[in-house]
Amino acid sequence: MSKPIIGISTCHEKQGLHYYHQTSEKYISAILDVFDAVPFLIPSMGDRLDLDTLLDNVDGFLFTGSYSNIEPKNYSDQPNENGTKHDAKRDATTLPLIPKAIHAGIPVLAICRGFQEMNVAFGGTLHQKVHEIDGLNDHREDDSLDLQGQYDFSHSLNLVEGGILASISSEPNPHVNSVHWQGVATLGDGLEIEATSPDGLVEAFRVKNAKSFALAVQWHPEYNVSNIPFYKAIFQQFGQAVNTFRGNK
C-alpha cells in the first residue's frame, strides 16, 4: 500500500512583487521524522480550491501555526486590533475545510493558528491579544532570545482526566512552549477541553463526537519533536489515526 498523504495548510504571503503559498519547514519535518507519510502543501486559494477532491485524496490534515491571525470578522463584530497581521486567503481556505475534514472522518491535528482556526470553525471566539486580558498571562515569545530560547518550555499544563493528552503523557503536568498572541475566549460547539495553562487559558481541545482523531493544541509540539516525548507522542497518535484511516479506505 502506498504511503498516506498529509495535507498541510499554508500561508498566503507576498515576497517582493509576488505571492507565495508557504509554511515553516518544522511542520513538514515533524511528519517525516515521526511517521512515514508524504507531506502535501495545500495552497490557500479559498473558494477556488476544490475541497471535495482534496478530501478524497488526503489521509490526514495538519493545520499549522503562522505569524498571521484570524480576521475578527470571522468570529465577532470586533474591529481589527492595531499591530496584528492577517491572512484572509488562509481564513477562506481553512475555516471551511476543517469541519468538512472532521465530518469526513479524516484525522486532524491543529497547532497554534490551526488551533484557533478549529475553534472559530466550530463557532468559538478569540481574544485578539491575550496579554491585554485581565487575569491572563503574557503568552508571547521573548523576541530578545534566540530560536531555542523562544521555543523553550514556558509553562506547565493542567491535563483533563480521561482526555487524549492525559492518556499519552508520562507526567501529570507536562511543560510546553508558548508562542502566541491570540487565544480562546469562548469554546466552539462540540469541542471538549483537553488542557489548560495555569492561568486558565484553554491550551488544547478535541472534537467530542469526531469519527477519528481531531485534536488542537495551542503550543508547538512540532518544534524539537524527536527529543521531547510528550510532543512526539502527539504526532505518533496522529500518525496511528492516519494509518488506520488509510487502511480502512
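## A look at the pattern of salt bridges
- Across all of its chains, the model carries 13 salt bridges by this definition.
- Its salt-bridge partner being lysine 3, residue aspartate 36 comes within 3.3 Å of it at the nearest N-O pair. A residue pair is termed long-range when its members are at least 10 positions apart, and aspartate 36 in the loop between α1 (25-34) and β4 (38-42) and lysine 3 in the segment before β1 (5-9) qualify at 33 residues.
- When its relative accessible area of 52% is taken as the criterion, aspartate 36 is described as exposed.
- In this structure, lysine 73 and glutamate 71 form a salt bridge, with 3.8 Å as the shortest nitrogen-oxygen distance.
- Judged by its relative accessible area of 64%, lysine 73 falls in the exposed class.
- Under the relative-accessibility criterion, glutamate 71 is labelled buried at 15%.
- Through salt bridges that share partners, Arg90, Asp91, Arg113 and Glu117 make up one connected network.

## What about the pairing of β1?
- In terms of residue burial, β1 counts as a mostly covered element, since 4 of its 5 residues are buried.
- Looking at chain direction, β1 and β4 are connected through 5 bridges and run parallel. Within the sheet, the bridge partner assigned to serine 9 lies in β4 and is isoleucine 42.
- Taken together, the 3 bridges between β1 and strand β5 (residues 60-63) define a ladder with parallel strand orientation. Bridge assignment links isoleucine 8 to a residue of β5, and that residue is leucine 62.

## Notes on the nonpolar core
- Ranked by size, the top nonpolar core spans 34 residues in total, and within it Leu165 and Trp219 carry the most contacts.
- Only β1, α1, β6 (108-111), α6 (164-168), β14 (214-217) and α7 (229-248) provide two or more residues apiece to this core.
- Top contributing element to this core by residue count: α7, with 8 residues.
- Aside from chain neighbours lying at most four places away, what touches leucine 165 is Leu159, Glu194, Ala195, Ala204, Leu215, Trp219, Phe230 and Ile234.
- Counting residues in hydrophobic clusters, the runner-up holds 26 residues, among them Ile98, Ala101, Val108 and Phe245.

## Regarding the sheet that holds β14
- Within the open sheet, the 8 strands sit side by side as β4-β1-β5-β6-β14-β13-β12-β9. Their pairing is mixed. Edge positions in the sheet fall to β4 and β9 (158-159), since each of these pairs with one other strand and no more.
- Set on the sheet, α1 makes contact with β1, β4, β5 and β6; between it and β4 the angle comes to about 155°.

## Looking at unusual backbone geometry
- Phi is positive for cysteine 112, which is not a glycine, with a value near 55°.
- Relative to the helices and strands, cysteine 112 is located in the loop between β6 and α4 (113-121).
- Judged by its relative accessible area of 5%, cysteine 112 is buried.

What counts, and at which threshold
Residues numbered from 1 in each chain as written. Predicted model: local features only at pLDDT ≥ 70, side-chain atom pairs only at ≥ 80, totals over all residues. Heavy atoms only, no water. Salt bridge = Lys/Arg side-chain N within 4 Å of Asp/Glu carboxyl O. Helix = DSSP H or I, 4+ residues; strand = E, 2+ residues; numbered from the N terminus. Buried < 20%, exposed > 50% of the residue type's maximum accessible area, 1.4 Å probe, protein only. Pairing = 2+ DSSP bridges. Core = buried A, V, L, I, M, F, W, Y, C linked by side-chain atoms within 4.5 Å. Contact = heavy atoms within 4.5 Å. Axes fitted to C-alpha atoms, helices over the stretch in contact; angles between N-to-C directions.

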